[in-house]
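# Observations on chain architecture
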Amino acid sequence: MSRLENRGPNSVTDEPLISVEDVKVHFEKERSLFEMFSEPDVVKAVDGVSVDIGENDVLALVGESGCGKTTLGKTIIGLQKPSAGTISYRGRDIWETKAGNTDLSFADIRSSLQIIHQDPGSSLNPNRRIVETLSEPIRLTHPAITAGERRARIHSLLERVGMTPARDFASRYPHQLSGGEKQRVALARALLMNPDVILADEAISALDVSLRVEMMDLMLDLQEEFNTSFVFISHDLSNARYFAEHGDGRVGVMYLGNLVEVGPPEQLITDPQHPYTEVLRWATPNLALDATNASEPPMRKIDIPDPVNPPSGCRFHTRCPKAREACTQLQPELREVSDSHQVACFRSDPDHEYWESSELED
Ligand SMILES: Nc1ncnc2c1ncn2[C@@H]1O[C@H](COP(=O)(O)OP(=O)(O)O)[C@@H](O)[C@H]1O
Ligand code: SF4
Ligand SMILES: [Mg+2]
């Protein structure tokens with residue numbers, strides 16, 4: 001897949017913070033005893049994605065469950081090794097760095113790239129007070145800092161994420177916190193490392209609807225204050241839109257392991273260029289758009305294809321109402337349709353052979 005030059009409007013330097021180039025992540029499915037001697041099934045979770053993340057950038061990834069958002073997000077922050085392609089941090093290949101082949105330390109990269117999970121409870125030790133959980137990463141990375149300084153830092157961050165009085169919250173155990181409070185602790189823990197990028201993987205999905213906007217606003221305030229970039233993952237287009245719009249960033253739409261459309265949120269939602277983005281828009285009633293009133297989804301079939309045997313050509317052709325014969329043979333690459341807006345669909349190219357090709361029979 002061709003390299004995606006777009007870096008988002010907030011990017012300030014020429015070199016991207018993170019550069020993902022033609023990355024593939026394929027997983028072998030576990031085999032049962034009877035299948036031991038057959039070839040393993042391979043899930044193509046991410047299959048040829050290129051994207052750059054700049055400094056103080058926001059990329060909101062959206063797409064239906066199983067399309068590869070988490071796998072791509074983890075690859076971006078160096079938690080998942082790609083099967084092919086490269087992922088660089090400030091120009092250095094992350095996995096070459098891990099092998100000791102660059103001038104950076106892998107530990108420094110790892111602490112610069114942080115994650116907040118959907119379920120913060122699972123990543124907080126139930127037997128430890130919040131102050132202990134937050135002390136550990138500082139102790140490991142800054143052994144010279146005194147206990148008093150550590151506590152002051154923790155209290156100030158807890159206050160910053162809205163947990164006041166900080167002294168009271170610091171002494172609690174996770175079970176004494178609400179879901180929203182646990183998520184704030186997870187955010188504080190990520191920020192302790194002064195990270196360059198935070199991956200927020202469905203970080204607001206488990207919260208009460210009333211708390212979601214508050215949490216997104218908090219993350220966006222801190223993004224600016226700490227000069228951090230966010231990769232924000234959501235299966236909900238309206239949340240992705242909110243986060244990207246207020247963070248002056250981009251929305252990236254994923255389908256079966258591919259990025260199929262990337263663009264500024266308003267443009268992508270009011271004038272979607274990929275037929276799958278239209279489906280997401282149709283499936284998201286709270287976007288407050290007139291165009292989403294149709295009662296039927298804009299699709300030929302609703303079944304999601306198997307990621308072990310994805311459709312040939314354009315992965316979306318089995319469901320796309322605009323698919324033609326050419327779409328079953330050729331795979332579209334992301335191409336620029338306007339400033340900061342890319343789409344992987346032949347219809348964006350007026351000279352493509354798609355236009356001469358016959359329509360698909362149902
Ligand atoms: N460790 C793994 N081993 C095997 N398959 C996996 C693994 N992680 C994810 N997958 C598969 O990869 C695909 C993409 O998963 P994921 O990245 O979690 O998608 P999303 O976050 O969009 O729901 C799914 O089909 C999922 O079952
Ligand atoms: S390339 Fe063809 S099948 Fe794919 S989204 Fe475009 S029209 Fe639909
Ligand atoms: Mg996921």
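Now for a quick tour of the structure.

Conventions we followed
Residues numbered from 1 in each chain as written. Chains lettered and ligands numbered in written order. Predicted model: local features only at pLDDT ≥ 70, side-chain atom pairs only at ≥ 80, totals over all residues. Heavy atoms only, no water. Near = heavy atom within 4 Å. Nonpolar A, V, L, I, M, F, W, Y, C, P; charged D, E, K, R; others polar. Helix = DSSP H or I, 4+ residues; strand = E, 2+ residues; numbered from the N terminus. Polar contact = N/O pair within 3.5 Å; in protein donor to acceptor, adjacent residues only side chain to side chain. Phe/Tyr/Trp six-rings, centres within 6.5 Å; stacked < 30°, edge-to-face > 60°. Buried < 20%, exposed > 50% of the residue type's maximum accessible area, 1.4 Å probe, protein only. Lys NZ or Arg CZ within 6 Å of the ring centre and 35° of its normal. Core = buried A, V, L, I, M, F, W, Y, C linked by side-chain atoms within 4.5 Å. Contact = heavy atoms within 4.5 Å. 1 Å grid on protein atoms, 1.4 Å probe; cavity = no way out; pocket = protein on both sides within 12 Å on 5 of 7 lines; lining within 4 Å. Points joined across faces, edges and corners; volume = space filled by probe spheres on them. Pairing = 2+ DSSP bridges. Axes fitted to C-alpha atoms, helices over the stretch in contact; angles between N-to-C directions.

## A word on the site of ligand 2
Around ligand 2, a shell composed of 13 residues is seen, among which Cys314, Cys320, Cys327, Cys345 and Phe346 lie nearest. For the shell around ligand 2, the residue count by class is nine nonpolar, two polar and two charged.

## Here's the deal with the side chain of Asp52
Of note, Asp52 is situated in strand 2 (residues 42-53). A polar side-chain atom of Asp52 sits 2.9 Å from a polar atom in the side chain of Ser19.

## A short note on the packing of aromatic side chains
Inspection of every chain in the model, using the stated rule, returns seven aromatic pairs. With a centroid separation of 5.9 Å and an interplanar angle of 45°, the aromatic rings of Trp95 and Phe106 are classed as tilted. Here the residue Trp95 occupies a position in helix 2 (residues 94-98), and Phe106 occupies one in helix 3 (residues 106-112), the gap between them amounting to eleven residues. The pair formed by Trp95 and Phe106 is uniform in burial state, with each residue classed as buried. Summarising the aromatic geometry, the rings of Phe230 and Phe243 are spaced 5.5 Å apart at their centres and angled 70° between planes, so their arrangement reads as edge-to-face. You can see Phe230 sitting in strand 8 (residues 229-234) and its partner Phe243 sitting in helix 9 (residues 237-246), a full 13 residues away along the chain. Phe243 shares its class with Phe230; the two are buried. Feature note: the residues Phe230, Phe232 and Phe243 constitute an aromatic cluster, connected by ring pairs. Above the ring of Tyr354, the side-chain terminus of Arg324 is found at 4.8 Å from the ring centroid.

## Thoughts on the nonpolar core
Core analysis: the biggest nonpolar cluster contains 63 residues, and Leu187 and Met219 have the highest contact counts within it. In terms of residue count, the dominant contributor to this core is helix 7 (residues 179-192) (seven residues). Non-local contacts of Leu187, meaning those with residues more than four positions away in its chain, are made with Ile116, Val161, Ile198, Met215, Leu218, Met219, Leu222 and Phe230. Judged by nonpolar contacts, the second largest core, of 32 residues, contains Leu59, Leu199, Val231 and Val262.

## Structural notes on the layout of surface pockets
If you add up the space inside the largest pocket, you get close to 390 Å³. Lining the largest pocket are 21 residues, with Gln114, Glu136, Pro137, Arg189 and Met193 positioned closest to its centre. Those elements giving two or more residues to the lining of the largest pocket turn out to be helix 3, strand 6 (113-116), helix 4 (130-141) and helix 7.

## Here we look at the site of ligand 1
Surveying the vicinity of ligand 1 reveals the residues Phe27, Val43, Ala45, Glu64, Ser65, Gly66, Cys67, Gly68, Lys69, Thr70, Thr71 and Pro307. Thr71 places a polar side-chain atom, nitrogen or oxygen, 2.5 Å from an oxygen atom of ligand 1. Contributions of two or more residues to the shell around ligand 1 are made by strand 2 and helix 1 (69-76). Considered class by class, the residues forming the shell around ligand 1 number five nonpolar, five polar and two charged.

## A word on the sheet that holds strand 1 (residues 18-28)
Taken together, four strands build an open sheet; the order of strands is 2-1-4-5 and the sheet is antiparallel. Only two strands of the sheet have a single partner each, and these edge strands are strand 2 and strand 5 (92-93). Here strand 4 (residues 84-89) runs beside strand 5; their pairing, made up of two bridges, is antiparallel. When the sheet's bridge partners are listed, Ser88 is paired in strand 5 with Asp93. Relative to strand 1, helix 1 is tilted by about 130°, and along the sheet it contacts strand 1, strand 2 and strand 4.

## Brief notes about helix 9
Counting buried positions over the ten residues of helix 9 gives seven, a clear majority of the element. Restricting attention to buried positions, one finds in helix 9 the residues Leu237, Ser238, Asn239, Ala240, Arg241, Phe243 and Ala244. Looking at the packing, one finds that the buried side of helix 9 touches strand 3 (58-62), helix 8 (209-226), strand 8, strand 9 (250-255), helix 10 (265-270) and helix 11 (275-282).

## With respect to helix 4
Among the residues of helix 4, Ile130, Thr133, Leu134, Ser135, Pro137 and Ile138 are the ones counted as buried. The elements touched by buried residues of helix 4 are helix 5 (147-160), helix 6 (166-170) and helix 7.

## Regarding the environment of Thr228
Topologically, Thr228 is positioned in the loop between helix 8 and strand 8. Sequence separation between Thr228 and His142 is 86 residues; the distance between their C-alpha atoms is 20 Å. A polar contact is formed between the side chain of Thr228 and the backbone oxygen of Pro195, at a distance of 3.3 Å.

## Quick look at the sheet that holds strand 9
Across the sheet, eight strands lie side by side as 6-7-8-3-9-10-12-11; this open sheet has mixed pairing. Each having just a single partner strand, strand 6 and strand 11 (335-338) make up the two edges of the open sheet. Neighbouring strand axes in the sheet, compared pairwise and without regard to direction, differ in orientation by 25° on average. Judged from the two bridges that link them, strand 10 (residues 258-263) and strand 12 (residues 341-343) form a sheet pairing that is antiparallel. For Val262, the partnering residue across the bridge sits in strand 12 and is Gln342. Helix 1 rests against strand 3, strand 6, strand 7 (197-201), strand 8 and strand 9 of the sheet, and its axis sits at about 165° to strand 8. Its contacts with the sheet place helix 11 against strand 3, strand 9 and strand 10, and it is angled at close to 100° to strand 9.

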